[in-house]
Amino acid sequence: MTTARELMTPGARCVGENETLEKAAQHMREDGFGSLPICGEDHRLKGMITDRDIVVKCIAEGGDPKTAIVGDLAQGKPVTIGADDNVGEALQTMKDHQVRRLPVIDGHELVGMLAQADVARSEWDTRIGDLVEKMSE
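Keep in mind it's a predicted model, so treat the numbers as computed, not measured.

On to the sheet that holds strand β7 (residues 109-115), then. Here 4 strands make up an open sheet; going across it, the order is β1-β7-β6-β5 and the pairing mixed. Strands at the two margins of the open sheet, each flanked by one partner only, are β1 (9-10) and β5 (81-82). Across 2 bridges, the pairing between β5 and strand β6 (residues 101-106) is parallel. Of the residues in β6, the one forming a bridge with I81 is V104.

Written out as structure tokens, the structure is:
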């Protein structure tokens, strides 16, 4: 059975809950992702932030991403997947929560990110892979 750990992109970068939205946007640009996990001072996952959050919840409301803080946009408990959970569980979690990327945790430590595209590229199940790849385009 294929696990999240086998397909994830390791070494996921967190944006600190006290960093600015501008810094989060810079990380997104550098990494080529539209979302990042938010980590607290305790190094635990506090949530996720998306490029859409920055635009809709800050810029569109007249906020300044140079001074607005990432942690102010963190909402609720983040949706994650365990490193040793199987890929079927990960896909079901993505579907249930309508997300395309999941932080992968081992205990309380962020160890990677699993995207729909990672599953599609793995050919875990070609039917699911084809569907996920098309959704991720």
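Having put the structure on the table, let's press on.
On to the confidence of the model for the chain, then. Per-residue pLDDT for the chain has a mean of 87; in total, 89% of the residues score no lower than 70. Per-element confidence in the chain ranges from a low mean pLDDT of 56 for helix α6 (residues 126-136) to a high of 96 for β5.

The next subject is the sheet that holds strand β2 (residues 15-16). The strand order across the open sheet built from 3 strands is β2-β3-β4, with neighbouring strands paired in mixed fashion. With one partner strand each, in any of the chains shown, β2 and β4 (45-50) form the two edges of the open sheet. In the sheet, strand β3 (residues 35-39) pairs with β4 via 5 bridges, with the strands oriented antiparallel. Among the inter-strand pairings, C39 is bridged to a residue of β4, identified as L45. Together, β2, β3 and β4 form the strand contacts of helix α2 (residues 21-31), whose direction differs from that of β3 by roughly 130 degrees.

Looking now at the pairing of β6. With 6 bridges joining them, β6 and β7 adopt antiparallel strand pairing. Looking at the pairing, I105 lines up with L110 of β7. Connecting the antiparallel pair β6 and β7 is a turn made up of 2 residues, with G107 showing a positive phi of about 70 degrees.

Rules and cut-offs
- Residues numbered from 1 in each chain as written.
- Predicted model: local features only at pLDDT ≥ 70, side-chain atom pairs only at ≥ 80, totals over all residues.
- Heavy atoms only, no water.
- Pairing = 2+ DSSP bridges.
- Helix = DSSP H or I, 4+ residues; strand = E, 2+ residues; numbered from the N terminus.
- pLDDT = per-residue confidence, 0-100.
- Contact = heavy atoms within 4.5 Å.
- Axes fitted to C-alpha atoms, helices over the stretch in contact; angles between N-to-C directions.

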